[in-house]
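# Chains, contacts and geometry: an overview
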Amino acid sequence: MMKSNRLQQFLIPLLAVLLGMIAGSIVMLASGYNPIAGFGALVYGAFGDTYYIGETIRQTTPYILTGLAVAFAFRTGLFNIGVEGQLIVGWLAAVWVGVSFDLPKIIHLPLALLAAALAGALWGLIPGVLKAYLKVHEVIITIMMNYIALHVTNAIIRSVLSDEGFKSKPVKESASLHSDFFDAITHHSTMHYGIFIAVAAAFVMWFLLERTTKGFELRAVGFNQHASQYAGMNVRANIILAMVISGAFAGVAGAMEGLGTFGNISTKAGFTGLGFDGIAVALIGGNNAFGILLSALLFGALKVGALEMPSSAGVPTELVDIIIALIIFFVASSYMIRWLLSRWQKGAE
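Remember, it's a predicted structure, so these values are computed and weren't measured experimentally.

This part takes up the overall build of the protein chain. For the protein chain, the helix and strand inventory stands at 16 helices and zero strands. Taking 2.2 N^0.38 as the reference for a compact globule, 349 residues should give roughly 20 Å; the C-alpha atoms of the protein chain span a radius of gyration of 21 Å, in line with that estimate. Across its three principal directions, the C-alpha atoms of the protein chain cover 65 × 60 × 35 Å. In the protein chain, buried positions account for 52% of the 349 residues. Contacts in the protein chain between residues at least 24 apart in sequence constitute 77% of all its contacts with a sequence separation of at least 6. Across the protein chain, the mean location of the 20 positive side-chain charges is 14 Å away from that of the 18 negative side-chain charges.

Located in the positive-phi region is K135, a residue other than glycine, with phi close to 60 degrees. Here K135 is to be found in the loop between α5 (105-134) and α6 (138-161). With a phi close to 55 degrees, H187 is a non-glycine residue in the positive phi region. Among the structural elements, H187 can be located in the loop between α7 (180-185) and α8 (194-211). The exposure class of H187 is exposed, given its relative accessible area of 54%.

On to the environment of I148, then. Structurally, I148 can be placed in helix α6. Between the C-alpha atoms of I148 and I292, which are 144 residues apart in sequence, the distance is 28 Å.

Contact geometry for helix α12 (residues 274-284) and helix α13 (residues 289-305): axes closest at 8 Å, N-to-C directions at 130 degrees. Our classification of the angle between α12 and α13 gives oblique. Between α12 and α13 the crossing geometry is right-handed. Between α12 and α13, the contacting residues are D277, A280, V281, A282 and I284 on the first element and I292, S295, A296, F299 and K303 on the second. For the contact of α12 with α13, the per-class residue count stands at seven nonpolar, one polar and two charged.

Moving on, we come to the packing of aromatic side chains. In total, this model carries 16 aromatic pairs according to the counting rule given. Of the aromatic side chains, those joined through ring pairs into one cluster are F181, F182, Y193 and F196. Just above the ring of W91 sits the side chain of K268; from NZ or CZ to the centre is 4.0 Å.

Glancing now at the nonpolar core. Counting 94 residues, the largest nonpolar core has L65, L68, F72, F249, L259 and M309 as its most contacted members. For this core, the element with the most residues is helix α11 (residues 235-261), which contributes 14 residues. In this structure L65 touches A198, A201, F249, V252, A253 and M256, once residues within four positions along its chain are discounted.

Before going further, it helps to examine the environment of F290. Along the polypeptide, F290 turns up in helix α13. Its relative accessible area of 56% is what places F290 among the exposed residues. For the pair formed by F290 and W206, sequence separation is 84 residues and the distance between their alpha carbons is 8.2 Å.

The next thing to look at is α6. The complete set of buried residues in α6 reads E138, V139, I141, T142, M145, N146, A149, L150, T153, N154, I157 and L161. Contacts made by the buried residues of α6 are with α4 (83-100), α5, α11 and α12.

Turning next to the side chain of H108. Positionally, H108 belongs in helix α5. Contact partners of H108, with chain neighbours within four places excluded, come to V97, G98, F101, L103, K172, S174 and A175.

Looking now at a nonpolar patch on the surface. Residues W96, F101, I106, I107, L111, L114, L118, I148, V152, I156 and V160 make up a contiguous nonpolar surface patch of about 990 Å² in total accessible area. When contributions to the nonpolar patch are tallied by element, the ones reaching two or more residues are α5 and α6. Ranked by the residues each element gives to the nonpolar patch, the list is headed by α5, at five residues. Note on I148: relative accessible area 41%, which makes it partly exposed.

Working definition: two side chains of opposite charge can pair if their charged atoms are close together. Overall, the coordinates contain seven salt bridges when judged by the stated rule. Here E217 ties to K214 by a salt bridge, and the two come within 3.3 Å at their closest N and O atoms. Residue E217 and its partner K214 are located together in helix α9 (residues 213-223), separated by three residues, close to a single helical turn. The shortest N-O distance in the salt bridge between D321 and K303 comes to 3.6 Å. With D321 in helix α15 (residues 318-332) and K303 in helix α13, the pair connects residues that are 18 residues apart, well separated along the chain. For D321, a relative accessible area of 42% corresponds to the partly exposed category. Looking at K303, the relative accessible area reads 27%, which means it is partly exposed.

Of all eleven residues making up α12, nine are buried, and the element is well covered by its neighbours. Taken together, the buried positions of α12 are L274, G275, D277, G278, I279, A280, V281, A282 and I284. Note on α12: the residue one or two positions beyond its end, G286, has a positive phi of about 65 degrees.

Conventions we followed
- Residues numbered from 1 in each chain as written.
- Predicted model: local features only at pLDDT ≥ 70, side-chain atom pairs only at ≥ 80, totals over all residues.
- Heavy atoms only, no water.
- Helix = DSSP H or I, 4+ residues; strand = E, 2+ residues; numbered from the N terminus.
- Rg over C-alpha atoms; globule rule 2.2 N^0.38 Å.
- Buried < 20%, exposed > 50% of the residue type's maximum accessible area, 1.4 Å probe, protein only.
- Contact = heavy atoms within 4.5 Å.
- Lys, Arg positive; Asp, Glu negative; His and termini not counted.
- Charge placed at Lys NZ, Arg CZ, Asp CG, Glu CD.
- Axes fitted to C-alpha atoms, helices over the stretch in contact; angles between N-to-C directions.
- Parallel < 35°, antiparallel > 145°, perpendicular 65-115°, else oblique.
- Left-handed = near helix turned anticlockwise from the far one by under 90°.
- Nonpolar A, V, L, I, M, F, W, Y, C, P; charged D, E, K, R; others polar.
- Phe/Tyr/Trp six-rings, centres within 6.5 Å; stacked < 30°, edge-to-face > 60°.
- Lys NZ or Arg CZ within 6 Å of the ring centre and 35° of its normal.
- Core = buried A, V, L, I, M, F, W, Y, C linked by side-chain atoms within 4.5 Å.
- Patch = residues over 30% accessible without salt bridge, like charges linked within 9 Å, V, L, I, M, F, W, Y side chains within 5 Å.
- Areas by Shrake-Rupley, 256 points an atom, 1.4 Å probe, with all protein chains shown as cover.
- Salt bridge = Lys/Arg side-chain N within 4 Å of Asp/Glu carboxyl O.

So this is what it looks like as C-alpha cells:
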C-alpha cells in the first residue's frame, strides 16, 4: 500500500504535466499554430545551446527557493501567500548590504544573504504571530503584506538607495553572486552561483522536516494542532517558527535576484510573479524538496523557452502561460487523476 502511494505521488504530478501539455497542444491547434513546432521551439529555447541552458538554470534558481518557501508552510499546515512580499524585502535587504559596506567577499556575501533571510523571516514573523495568538488567517494577512512590501521597498529605493530615482547602485563585487566561470562556459548568460545555494536550501528543508525532532513537531502541528498540543508540543511557537523559516527561504530567493541576476534593485510597477509561481512549483513538486527541484526546472525551462516561440514558431508567449495554468489545473484536480489511477490499478488486478 505504501509503495502504491509513493508511486501515485510520483505519477500524479507527471500526469498533470503531460495532460497540461496535451491540452496546450489542443489550444495551439485551435489557434492555428503547429504544436510540434511550438514545443520544439520551447525546448530549443530552454536547452538548445549553452547560453539557453545557463539562462534556464538562472531562472530555475529563485523558483527552487520560492517553491521551498511555499512547500515548507504547506507541510506545516499553513498557506503562505506572502512569498512574493517576503522575496521583495529580502531582495531589498541583500542589495542594501551589498551596496553599503566594504568588506572581504568571505564576509560580505554571507552577510548579504543573511540579511535577505532575516528580512524575509521578519516578513513571515508578523503573520505567524497574528495567526498563533489572534487566529488571523494567514492567507489574508500575507496577501496584504505583499502590497505593503511592494510599496515600502519602492519608497526606500527612491529615498535611500537610488541616485537616479528608480534604481539602486550595483552591489559591490564582494557581495555579488556573479560567476566568471559560468559566464565563460555559457556564452555570457546570467547564470550565477546562486544555484548551489538553492540546491543546498532544498537539502536543508528535507533534513529539517524529515530527520529532526523539530521537523516532526512542525509537521505534527500541521496535521493536527489539538493532538499536538495534547502531546505537549507548543503549537503557537511552531506556527511562528514555520512562517519564519518559510519567509527566510523566500528572502533568500530575493537575494538571488539582487546579488545574482540583476546585481541591483529597481522600483517595480507590480509584483515579480516569482512568489506566486512558487505556489505552482510547490504543488507540482508535491511539497517535496526533491520534487521541487524538478518542478522548478520545468518552470524555468517553460519561462525561458517561451522566449524562443514567437521568433521560431510564431507562437505567442501567452500560450505558455495558458499551458502553465492548465498544468496547475490538473495538479489541483489531483483527486480525479488519483481516482483514475486507482480504477486502472483495480482493473489490472
